[in-house]
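What follows is the residue order along each chain.
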Amino acid sequence: MTHIIDLNAPLTGQDASLVARARQVRERAESVKADLLAAPSDSVQLDERASNEFLGCFSYTGSIGQDHFSRANASLWEGKLGSFAAHDAPATPGETLKFHLTTTKAIGLRSGIAAALGAVAGGLGHGASWLLAKAITNVHKSEVGAKILVMASKPLEFGCNVMRLAERSVADPGTKDEYYAVAAPSGEYEQFRFTANGTLEHDYFAPKA
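Residues numbered from 1 in each chain as written. Predicted model: local features only at pLDDT ≥ 70, side-chain atom pairs only at ≥ 80, totals over all residues. Heavy atoms only, no water.

Student: Go over the pattern of salt bridges with me, naming the residues and quoting the values.
Tutor: As enumerated under the stated definition, the model contains seven salt bridges in all. With a closest N to O distance of 2.7 Å, K33 and E30 form a salt bridge. Taken as a pair, K33 and E30 lie in helix α1 (residues 13–38) at a separation of three residues, close to a single helical turn. On the accessibility criterion, E30 (34% relative accessible area) is partly exposed. (Salt bridge = Lys/Arg side-chain N within 4 Å of Asp/Glu carboxyl O. Helix = DSSP H or I, 4+ residues; strand = E, 2+ residues; numbered from the N terminus. Buried < 20%, exposed > 50% of the residue type's maximum accessible area, 1.4 Å probe, protein only.)

Structure below.
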């Protein structure tokens, strides 16, 4: 169930804690965005073989953001970053940090199509994160099996970025909502949405049993 917080109202208790956590996640994401927009650099390199400039889908390796993620996939269009998924930080192996923008003015049929594309992108991104998490947890059992899982995740990550690009193309231009999410290898998933009208929406999904 989505918990909605008015950021223009006084904050106390649980709401204040959620806002603080959301801003912390956004700060982590901002550091990733800064490094991706500055790439290629000494710390971040573009993986040209895994990128498609025509579709605006790019893959990066190196030490990305304040968490030093080793990999990230991003959607960029005309120098603007629309989404990314960053993986494999040394301190939080198996965790994925996500960000994407979405319009707030899409209505009618366009709204429905954009929402459907966004849902497909979210599903592909979650599937890629799950495969990567399984690869990390199983690498001690079979290095070959772990590599196969990593390879299997790449098409899903690519598809996720393509769907984000399509979502942005279909939706009406307008103000943007910002989505930030953290996916843990346990299946725990937490998402924060900073809306253009000054609210914070929080969703939390507990680890799978």
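Here the narrative resumes.
Student: Give a detailed account of α1, specifying residues and quantitative values.
Tutor: The end-to-end C-alpha separation of α1 is 38 Å, in line with the 38 Å expected for 26 residues at 1.5 Å each. Every buried residue of α1 is listed here: L18, V19, A22, V25, R28, A29, S31, V32, K33 and L36. (Expected span 1.5 Å × (residues − 1).)

Student: Hey, could you go over the pairing of strand β8 (residues 189–194) for me, with residue numbers and the actual values?
Tutor: Remark: a regular strand shows side chains that alternate across the two faces of the sheet. Counting buried residues along β8, five of its six residues qualify, which places the element largely inside the surrounding structure. Relative to β8, strand β7 (residues 176–183) runs antiparallel, the two being bridged by six bridges. Bridge pairing in β8 links V182 to E190. Linkage of β7 to β8, two consecutive antiparallel strands, is achieved through a turn of five residues, within which G187 is found at a positive phi near 100°. Bridge count between β8 and strand β9 (residues 199–205): six bridges; the pairing is antiparallel. Its bridge partner lying in β9, F192 is registered against H202. Between β8 and β9, which pair antiparallel one after the other, the connecting turn spans four residues, and G198 there sits at a positive phi close to 85°. (Pairing = 2+ DSSP bridges.)

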